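Examination of the molecular architecture
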Amino acid sequence: IDLEKKFDISEIYIEESLQSFRSGFSSARTLSILSKINGIVSYLVYDIFGTIPEMISVARARKTCGIKVAKGAKAKEAVLEFLLDSEPDFVIEYTRHGNPRPGSYDKADSIIIARAGLEYCKQKNLKS
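The shown structure was predicted, so the numbers you read here are calculated from the model rather than taken from an experiment.

1. Observations regarding the overall build of the protein
Looking only at helices and strands, the protein features five helices and two strands. The C-alpha extent of the protein, read off along each of the three principal axes, is 45 × 35 × 30 Å. A total of 128 residues make up the protein; the buried ones form 23% of that total. Counting only contacts in the protein whose residues sit at least 6 apart along the sequence, the fraction spanning at least 24 positions is 62%.

2. Things to note about the packing of helix α4 (residues 75-86) against helix α5 (residues 104-127)
At a minimum axis separation of 9 Å, α4 and α5 run at an interaxial angle of 70°. Judged by the inter-axis angle, α4 sits roughly perpendicular to α5. The chirality of how α4 crosses α5 is left-handed. Within the contact between the two elements, α4 uses Lys76, Glu77, Val79, Leu80, Phe82, Leu83 and Ser86 and α5 uses Ser104, Tyr105, Asp106, Ala108, Asp109, Ile111, Ile112 and Arg115. Of the residues assigned to the contact of α4 with α5, the class counts are eight nonpolar, two polar and five charged.

3. Side note on the packing of aromatic side chains
Under the definition given, this model contains one aromatic pair. Ring geometry for tyrosine 13 versus tyrosine 120: centroids 5.9 Å apart, planes at 55°, classification tilted. Residue tyrosine 13 is found in strand β1 (residues 13-15), and its partner tyrosine 120 is found in helix α5; the two are separated by 107 residues along the sequence. Side by side, tyrosine 13 and tyrosine 120 carry an identical accessibility label, which is buried.

4. As for the nonpolar core
Core analysis: the biggest nonpolar cluster contains 16 residues, and Ile56 and Ile112 have the highest contact counts within it. Secondary structure elements with two or more residues in this core: α3 (58-64), α4 and α5. Looking at this core, the element that brings in the most residues is α5, giving five residues. Isoleucine 56 has contacts with Tyr13, Ile14, Glu15, Glu16, Ala61, Ile113, Ala116, Gly117 and Tyr120, leaving out every residue within four places of it along the chain.

5. Side note on the state of the cysteines
Counting across every chain of the model gives zero disulfides. Counting only cysteine sulfurs, cysteine 65 is the nearest neighbor of cysteine 121, a cysteine outside any disulfide, at a range of 13 Å.

6. Thoughts on α5
Between its terminal C-alpha atoms α5 stretches 35 Å, which fits the 34 Å expected from 24 residues at 1.5 Å a residue. Every buried residue of α5 is listed here: Ser104, Ala108, Asp109, Ile112, Ile113, Ala116, Gly117 and Tyr120. The elements touched by buried residues of α5 are β1, β2 (54-56), α3 and α4.

7. Quick look at the pattern of salt bridges
The tally for this structure, following the rule as stated, stands at six salt bridges. Lysine 124 serves as the salt-bridge partner of glutamate 11, at 3.0 Å between the closest nitrogen and oxygen. In this pair, glutamate 11 sits in the loop between α1 (3-6) and β1 while lysine 124 sits in helix α5, placing the two residues 113 residues apart along the sequence. Residue classification places glutamate 11 among the partly exposed positions, given a relative accessible area of 31%. The class of lysine 124 is partly exposed, set by a relative accessible area of 36%. Here glutamate 54 makes a salt bridge to lysine 124, at a shortest N to O gap of 3.5 Å. Note that glutamate 54 is positioned in strand β2 and lysine 124 in helix α5, a separation of 70 residues in sequence. Residue classification places glutamate 54 among the partly exposed residues on the basis of a relative accessible area of 26%. Linked by salt bridges that have partners in common, Glu11, Glu54, Arg60 and Lys124 make up one network.

Basis of the calculations
Residues numbered from 1 in each chain as written. Predicted model: local features only at pLDDT ≥ 70, side-chain atom pairs only at ≥ 80, totals over all residues. Heavy atoms only, no water. Helix = DSSP H or I, 4+ residues; strand = E, 2+ residues; numbered from the N terminus. Buried < 20%, exposed > 50% of the residue type's maximum accessible area, 1.4 Å probe, protein only. Contact = heavy atoms within 4.5 Å. Axes fitted to C-alpha atoms, helices over the stretch in contact; angles between N-to-C directions. Parallel < 35°, antiparallel > 145°, perpendicular 65-115°, else oblique. Left-handed = near helix turned anticlockwise from the far one by under 90°. Nonpolar A, V, L, I, M, F, W, Y, C, P; charged D, E, K, R; others polar. Phe/Tyr/Trp six-rings, centres within 6.5 Å; stacked < 30°, edge-to-face > 60°. Core = buried A, V, L, I, M, F, W, Y, C linked by side-chain atoms within 4.5 Å. Disulfide = S-S within 2.5 Å. Expected span 1.5 Å × (residues − 1). Salt bridge = Lys/Arg side-chain N within 4 Å of Asp/Glu carboxyl O.

Here it is in structure tokens:
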């Protein structure tokens, strides 16, 4: 499928990888792998669509979407709750212990990045 011909895609947004290691969060190895993946995806986006993707930090995306994370609260849980409350089509599965299944937080983050990207597109269109 020639995506660039089938869809009129002019802007692409990708979650920015974390820039520094923080104890208790992703390991340095995980951050390194994610940075490599971001580089590969960015290259493929440019190669296929001829556009340089814009990187969005999760913190900036959350703010753009109006998600407030209380001090001491876990941001990923706040994002998940926000989407479960505001997006009827967002459904996740739970483990038998009542915890979100693996991948649920990543799924939620990707939707927030997409929503923030949509908001940036709207703002750019208003300016032009």
